[in-house]
Every structure is written in C-alpha cells, then in structure tokens.
Amino acid sequence: MAPKITKIESVEFAYPIDDVGTDQHGFNLVYDPGEVTERKLFALTVHTDAGITGEYVGGNSPSAAQINMFADYLVGKNPLEREKHWSEIKRALRKYDRMGIGPIDIALWDFAGKYYDAPIHELLGTYRTKFPAYASTYHGDENGGLDSPESFAAFAEECHEMGYRAFKIHGWGGSEGSRDLDREVETALLLGERVGDTMDLMHDPACELETFGDALTLGRALDEAGFYWYEDPFRDGGVSQHAHRKLRQRIDTPILQTEHVRGLEPATDFIANEATDFLRADPEYDAGITGAMKRAKVAEGFGLDVEFHAPGPAQRQCIAAIRNTNYYELALVHPDCPNTQPPVYDGAYSDMIDTIDDDGMVTVPDGPGLGVDYDWDYINANQTGSVHIYD
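Per chain, residues are indexed from 1 in the order of the written sequence. Totals for whole chains, interfaces and linings use all residues, but because this is a predicted model, local features are given only for residues with pLDDT of at least 70 and pairs of side-chain atoms are given and counted only at 80 or more. Here the side-chain values reflect all heavy atoms present in the structure, with hydrogen atoms and water set aside.

Draft legend 1. Up close: empty space enclosed by the protein. In the cavity and pocket records, a cavity denotes points on a 1 Å grid over the protein atoms alone where a 1.4 Å probe fits but cannot get out, a pocket denotes an open set with protein on both sides within 12 Å along at least 5 of 7 lines, and lining residues are residues with an atom within 4 Å of a point. Grid points are joined across faces, edges and corners, and a volume is the space filled by probe spheres set on the points. Summed over all chains, the structure comprises three cavities of 30 Å³ or more. Estimates place the volume of the largest cavity at around 120 Å³. If you trace the largest cavity, you find it lined by Trp86, Lys90, Asp97, Arg98, Arg262, Gly263, Leu264, Tyr285, Asp286, Ala287, Gly291 and Arg295. Counting only elements with at least two residues in the lining of the largest cavity, the list comes to helix 2 (82-92) and helix 10 (288-301). The numbering of helices and of strands both runs from the N terminus, where a helix is a DSSP run of H or I of at least 4 residues and a strand a run of E of at least 2.

Draft legend 2. Molecular detail of the sheet that holds strand 2 (residues 29-48). Criterion used throughout: strands pair if DSSP finds at least two bridges between them. Read from one edge to the other, the open sheet built from four strands follows the order 3-2-1-15, with strand pairing classed as antiparallel. Each end of this open sheet is capped by a strand with a single partner; those strands are strand 3 (54-58) and strand 15 (383-390). The sheet shows a mean angle of 15° between the axes of neighbouring strands, direction not considered. Of the pairings in the sheet, the one linking strand 2 to strand 3 comprises five bridges and is antiparallel in character. When the sheet's bridge partners are listed, Val46 is paired in strand 3 with Gly54. Simply put, an axis is a line fit to the C-alpha atoms, just over the touching stretch for a helix, and the angle between two N-to-C directions goes from 0 to 180 degrees.

Draft legend 3. Highlighting unusual backbone geometry. Along the chain, Ala331 connects to Leu332 via a cis peptide bond; the corresponding omega equals -5°. Among the structural elements, Leu332 can be located in strand 11 (residues 328-333). Unusually for a residue other than glycine, Thr258 sits at a positive phi of about 95°. With respect to the helices and strands, Thr258 occurs in the loop between strand 8 (255-257) and helix 9 (264-272).

Draft legend 4. Inspection of a nonpolar patch on the surface at higher detail. Together, Tyr115, Tyr116 and Leu123 make up an exposed nonpolar region whose accessible area comes to about 270 Å². Along the polypeptide, Leu123 turns up in helix 4 (residues 120-124). Relative accessible area decides the class of each residue, using a 1.4 Å probe on protein chains only: under 20% of the type maximum gives buried, over 50% gives exposed, and in between gives partly exposed. Judged by relative accessible area, which is 31%, Leu123 ranks as partly exposed. For patch building, the residue pool is restricted to those with more than 30% relative accessible area and no salt bridge; the joining distance is 9 Å between like charges and 5 Å between nonpolar side chains (Val, Leu, Ile, Met, Phe, Trp, Tyr). Note on areas: Shrake-Rupley, 1.4 Å probe, and residue coverage restricted to the protein chains presented here. Definition used for salt bridges: Asp or Glu carboxyl oxygen within 4 Å of a side-chain nitrogen of Lys or Arg.

Draft legend 5. Up close: the side chain of Gln241. Position of Gln241 relative to the elements: it lies in helix 8 (residues 241-250). Throughout, a residue-residue contact means that at least one pair of heavy atoms, one from each residue, lies within 4.5 Å. Gln241 has contacts with Pro266, Asp269, Phe270, Asn273 and Ala275, leaving out every residue within four places of it along the chain.

Draft legend 6. Examining the nonpolar core more closely. Core analysis: the biggest nonpolar cluster contains 98 residues, and Ile8, Phe167, Leu191, Tyr230 and Tyr374 have the highest contact counts within it. In contact with Ile8, not counting residues within four places along its chain, are Leu44, Thr45, Val46, Ala71, Leu74, Ile104, His388, Ile389 and Tyr390. Nonpolar core, defined: a set of buried Ala, Val, Leu, Ile, Met, Phe, Trp, Tyr and Cys residues in which side-chain atoms within 4.5 Å join the residues together. By size, the runner-up hydrophobic cluster in this structure holds seven residues, among which are Ala166, Met202, Leu256 and Phe278.

Draft legend 7. Summary view of the packing of aromatic side chains. Any two rings among Phe, Tyr and Trp, with Trp reduced to its six-membered ring, count as a pair given centres within 6.5 Å; such a pair is stacked if its planes are under 30 degrees apart, edge-to-face if over 60, and tilted if neither. Under the defined criterion, the tally for this structure stands at 16 aromatic pairs. Taking the centre distance of 6.1 Å and the plane angle of 90° together, the rings of Tyr134 and Tyr327 count as edge-to-face. Residue Tyr134 is found in strand 4 (residues 130-139), and its partner Tyr327 is found in the loop between helix 11 (313-320) and strand 11; the two are separated by 193 residues along the sequence. Summarising the burial analysis for this pair, Tyr134 and Tyr327 share the class buried. When the centroid spacing of 6.3 Å and the interplanar angle of 80° are considered together, the rings of Tyr374 and Trp376 count as edge-to-face. Given the relative accessible area of 21%, Trp376 is considered partly exposed. Cluster of aromatic residues (ring-pair linked, three or more members): Tyr134, Tyr228, Trp229, Phe278 and Tyr327. The side chain of Arg82 reaches across the aromatic face of Trp109, ending 3.7 Å from its centre. The criterion is that NZ of a Lys, or CZ of an Arg, lies within 6 Å of the ring centre and within 35 degrees of the ring normal, and then a charge sits over that ring.

This is the structure we're talking about:
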C-alpha cells in the first residue's frame, strides 16, 4: 500500500550568532564585535504511516503562516505524490508569494529519499557529487571588519589562499553615510586589481543602490574590473524586467536576477524578455526542490545557467543533479565572525567558511534524503513557544 501522511509538526526555535548585529536601519546583518543576534527558524517534520519522516529546518514566520493554510490538505495524502501536491498548493496560495511551499516540498523529498534509501540527487538524476563554492560575504560594516575597500581585498586574498576561486561582495547598506557609491566603485576596482586574475568576482548590492544611475555607475566599474556577475543592484527590488534589460544593454558584466521574483512563470518571463543572463533559484524561496528544479530546466531550455541562492543541504542536492550551474554559494562569510548556519546538524555537515577542500570544492551529502541528521535535542531545548501540529 502507498504510504500516507499522518501528521505534520512545525517547531519554531531560536539560536544565537556571536559578533553579528545589524546595520543602522536594522535590515542587513553585519559584523559587530560583542553583539549577539538571535535568529529564529522552523523545524518541520512530516510523519507517515510507513514509520519514516521527512524533515527540513529553515523557513521564516511568513512561510510558516502559509503552511498553516494548507497543511491539513496533506494529512492522509501519499507523500510521494509531490508534483500533484505542488500543483494543488500552488493554486491554493495564488493570492500570496507561495514561499510556504518550499519547506514542505523539501521535507517530502527528504521522505522520498529515505523511503527509497537514496540521496535526493539520485532520485533527480546525479550529474556530479562535488562542485566549486564561492565565498559570499556579509554586508560591509563600519565596525573594523569589512569596513573598507582594502579590507574586502585582503579578505578575498585570504579566501583565495584557503582554496576559493570565486568571491562575492555584499556592499554597504544602512544609513546614507554608509551607502557611498564611490566606496563601492573603489572596492570593485581594487578587487579586480588584486585578485581579478585568479578569482571569479561577483557583486550583490542586495538592492541597496538608490537609482538606476547608481546601478549603471557601479556596473561600469564592474566591467572595468572584469566581474563575473552583477546581482540585484538597486531599489527596484530585483523585479523590474524593463530596468534590467536596459541595464544589460549598457554594461558588459552579466546580470544575475530573480532571487526576489516569486513563481516559475515570472522567472521564465525574465529570461524570455532578456532581463537577465543567469537565473536565480532557491529551494526554500522557489516552492521547494520541485520548484527550483523547474527553474533549472527552464534556464537550460534557454541555453542559460541557473545559480542557487544560499547554502544548505537542499541546495547541494539540487546542484548535484544539474549540469548548467557553476558555483555553490558559501554564505555569509567574514574574517572575524561565523556564518549564520544554525547549530542543528549531527555529524560532519557544515556550511562554515572552512568546509571547502584545498581546491575550493564542497561535496553533496550521500545519506538518504537530504543526507543530514538534525539535532532534535537542540531544537526542542531552544523552542520559542511556537509548535504547530496538523493531524
């Protein structure tokens, strides 16, 4: 008999990140010695009558609220019918951004891998089991960390010595005093001078630049420095096809868009309307592994590459099953503070800066499902009082 979902459980928990705070506006994470930031995530468990669970840790409060809207639909259903559930939930959440689908879909894929005793990438169709990572920095700060062009260049050289062959800047944000276009330009040019011959360089202002003109000015500096891609530059929020098509027409550096574009169809339109060169995908943001793989296939059909946002076991499983992708994002890294990785993994899995080998490579977990074991003792001991059970 086919397995059935008997219960879905979601546990909110918190964990600290030392020496990390926020910029002046409170939006971007930055190095801040002595400060401790508390981050909240959700641990999701899909229980089945097969005695096998599907698990995933991630998500946020808005996505958890969406899960409240459709979890009851899944109880009693076959967890292996992911495509059917994906389609039904996508329609049910048509008024919203659909980010609630991601954590559930990933957990269903984790169940499937455990059910068939295979890692997810084998179910998808393995292309490789090892791939290069790029060092993706915290935002620039004013606290003695990544606080100058020189500090970014020195950190890029340090990352290169560790084995990284690609490096991405997240520039400065916060108050108007920190958002200094001249400093962004100087940083890009110095990086090109210091490591441009030995590393692929990327720049992600995270939509901090205030005008199209600012985006164009920085883009021309990236051209001069030979950057590999330019991502989410300015205050359109990363969603205007027209603006990014115009930007592509005026600079040479390839554009990477759609991190903030929700849905398969709008992401496809971004490519069709020549508004991006690389496509962005994220299994948590883009309706799960099912949705992220759809984006990858769309990009492949257009002859383009898909680049996955953020680190994590779900991202690694996807990248292992895709030909048309170049790098794994190892984020967020800094010379003086830790990554934001939650301390929930039993075993050797890590997305800290030192996880790469001497050639700058990471491997895909080879256990069943996502290939990771979660520390449920830690999760339950750090509950924040939000536990939802659907049965």
